[in-house]
Amino acid sequence: MIIAVAGVAGTLGGSWLTQRASEGAKRREIALIRDHEEIRENLLLRRTCYVELNRDTRQFTTALSQFLHAMQERRVEEPDREKLDEAKRAHRDTYSQAQMIVPDDVLVPASEVNKALNRVYGQVKRLEREEPEPGETMAAAFQTQAEVWELLRTLRTVMRRDLGVAAVSDDASVNRPTQLADPRSGR
């Protein structure tokens, strides 16, 4: 009788232990799947943010260039102002979103681009009002605006690297000095 009870207990205990081990393996598998899904969703969110940030910074830069050309070639009209302000708003909204999503190594160059664009925008608007600060001329505004493109290239490379799609040749451009001189600093 004792042998029979021990045999039944062993069989039941073995089944129970096997079931517990199987449940543990299943929990680990589910946790691993959740982790992979979270990583994939985070990557998708960053990718979407990077596409929008790249697009809106380029559109704002282009709008600044077009506005400068309008100031140089003819009288600026209300549609010119509206187009520039719309591009600025779109960039501001996208940059605000990026501040909450992107990692710090991407946020640093994004911040440099944002500061440079706002600096050029301020310069352009002061020139339009005919109230420039010392050293602010159309030529200086064109030069400062053109330098933003280099900052955009650096930002794009850093974003691509974060997504894992940057080529080795892209990395070389990240090491270039990109900070614009503040026109008030005399540099």
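Our subject is the structure that appears above.
We now turn to the structure provided with this report. (Residues numbered from 1 in each chain as written. Predicted model: local features only at pLDDT ≥ 70, side-chain atom pairs only at ≥ 80, totals over all residues. Heavy atoms only, no water.)

Moving on: the packing of helix 3 (residues 104-128) against helix 4 (residues 138-163). A packed helix pair is summarised by two numbers, namely the angle formed by the two axes and the spacing between the axes. Direction vectors running N to C along helix 3 and helix 4 enclose 160°, while the axes themselves pass 9 Å from each other. Here helix 3 lies roughly antiparallel to helix 4, going by the angle between them. Crossing handedness for the pair helix 3 and helix 4: left-handed. In this structure, helix 3 contributes Asp 105, Val 106, Pro 109, Ala 110, Glu 112, Val 113, Ala 116, Leu 117, Val 120, Gln 123 and Leu 127 to the contact, and helix 4 contributes Met 138, Ala 140, Ala 141, Thr 144, Gln 145, Val 148, Leu 151, Leu 152, Leu 155, Val 158, Met 159 and Asp 162. (Axes fitted to C-alpha atoms, helices over the stretch in contact; angles between N-to-C directions. Helix = DSSP H or I, 4+ residues; strand = E, 2+ residues; numbered from the N terminus. Parallel < 35°, antiparallel > 145°, perpendicular 65-115°, else oblique. Left-handed = near helix turned anticlockwise from the far one by under 90°. Contact = heavy atoms within 4.5 Å.)

Before going further, it helps to examine the side chain of Ser 65. As for its placement among the helices and strands, Ser 65 is situated in helix 1 (residues 2-73). Sequence-distant contacts of Ser 65, that is, excluding residues within four places in its chain, are made with Phe 142 and Gln 145.

Attention shifts here to the pattern of salt bridges. Applying the stated criterion to the full structure yields twelve salt bridges. Put simply, Arg 74 and Asp 80 hold a salt bridge, and the shortest N to O gap is 2.7 Å. Arg 74 sits in the partly exposed class, given a relative accessible area of 41%. Residue Asp 80 is classed as buried on the basis of its relative accessible area of 18%. Here Arg 92 ties to Asp 93 by a salt bridge, and the two come within 3.2 Å at their closest N and O atoms. Accessibility expressed as a relative area gives 45% for Asp 93, which makes it partly exposed. Taken together, the shared-partner salt bridges in this structure form one network comprising Glu 78, Arg 81, Lys 125 and Glu 128. (Salt bridge = Lys/Arg side-chain N within 4 Å of Asp/Glu carboxyl O. Buried < 20%, exposed > 50% of the residue type's maximum accessible area, 1.4 Å probe, protein only.)

Treat this as a map of the structure, not an account of what it does.
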